[in-house]
Amino acid sequence: SGGGRMMVTVSIKQQFPGHSKQTGLVATACRAGAYVNHLTVVVDDDIDPTDTDRVLWAMVTRVDPREDVEILRRMQASPLDPIAYPAGVEAFNARMVIDACRPWERLATFPKVAQASPELRAQVRAKFPDLFS
């Protein structure tokens, strides 16, 4: 996802209030995360950052758009970035940092993840193979 450059996902074990937001801001601004990046997502350590479906699930179940989304303007870009502005060598872009972690103040009370066990999922896949390709 993101063409290998335009989306960065980081998984953390939250250690203190604001840790997830701080991680996203650092990841989007450090040299490796900054070049052409458009979207930085921070997820809890129960989410595999390489599994885009799980990252998207965290985004739709753990993000409060009022609190967990930051838009940063005039960030480092590249002339190769198709959405960079202005056209030319000194390119800028805007990017979004999404904190898709459970809220720090609700870690103890946030709803638990409800899912079938790996064994049950394997049984269902075996029973209905044509539904799972």
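Residues numbered from 1 in each chain as written. Predicted model: local features only at pLDDT ≥ 70, side-chain atom pairs only at ≥ 80, totals over all residues. Heavy atoms only, no water.

Engineer: Would you mind going over the sheet that holds strand β2 (residues 39-44) with me for this structure?
Structural biologist: The pairing of strands in a sheet comes from backbone hydrogen bonds and takes either a parallel or an antiparallel form. Strand order in the open sheet formed by four strands is β1-β2-β4-β3, with mixed pairing between adjacent strands. In this open sheet, the two strands that pair with only one neighbour each are β1 (7-12) and β3 (69-76). Strand-to-strand twist in this sheet, taken as the mean axis angle between neighbours without regard to direction, amounts to 20°. (Pairing = 2+ DSSP bridges. Helix = DSSP H or I, 4+ residues; strand = E, 2+ residues; numbered from the N terminus. Axes fitted to C-alpha atoms, helices over the stretch in contact; angles between N-to-C directions.)

Engineer: What exactly am I supposed to notice about the pattern of salt bridges here?
Structural biologist: Oppositely charged side chains may form a pair once their charged atoms are brought near each other. With the rule as written, the count across this model stands at five salt bridges. The salt bridge partner of Glu70 is Lys21, with a shortest N-O separation of 2.8 Å. Placement of Glu70 in strand β3 and of Lys21 in helix α1 (residues 19-29) is noted, with a sequence separation of 49 residues between them. Judged by its relative accessible area of 30%, Glu70 is partly exposed. In this structure, Arg62 engages Asp46 in a salt bridge whose closest nitrogen and oxygen atoms are separated by 2.9 Å. With a gap of 16 residues between them, Arg62 in helix α3 (residues 52-62) and Asp46 in the loop between β2 and α3 connect regions that are remote in the sequence. Taking relative accessible area as the criterion, Arg62 reaches 4% and is therefore assigned buried. Here Asp46 falls in the partly exposed class, since its relative accessible area comes to 36%. (Salt bridge = Lys/Arg side-chain N within 4 Å of Asp/Glu carboxyl O. Buried < 20%, exposed > 50% of the residue type's maximum accessible area, 1.4 Å probe, protein only.)

Engineer: Please explain the nonpolar core as it appears in this structure.
Structural biologist: One broad trend across soluble globular proteins is that nonpolar side chains are buried collectively. Listed in full, the nine residues of the largest apolar core are Leu39, Val41, Val43, Ile47, Val55, Ala58, Met59, Ile98 and Ala100. Of all the secondary structure elements, the ones that give two or more residues to this core are β2, α3 and β4 (92-100). (Core = buried A, V, L, I, M, F, W, Y, C linked by side-chain atoms within 4.5 Å.)

Engineer: Teacher, can you tell me more about the packing of aromatic side chains here?
Structural biologist: For any two aromatic rings, the description comes down to two numbers: the centre-to-centre distance and the angle of the planes. The full count for this structure, using the stated rule, is zero aromatic pairs. The positively charged end of Arg54 is found above the aromatic ring belonging to Trp57, 4.7 Å away from the centroid. The residue whose ring lies beneath Arg74 is Phe92, and the NZ or CZ to ring-centre distance is 4.0 Å. (Phe/Tyr/Trp six-rings, centres within 6.5 Å; stacked < 30°, edge-to-face > 60°. Lys NZ or Arg CZ within 6 Å of the ring centre and 35° of its normal.)

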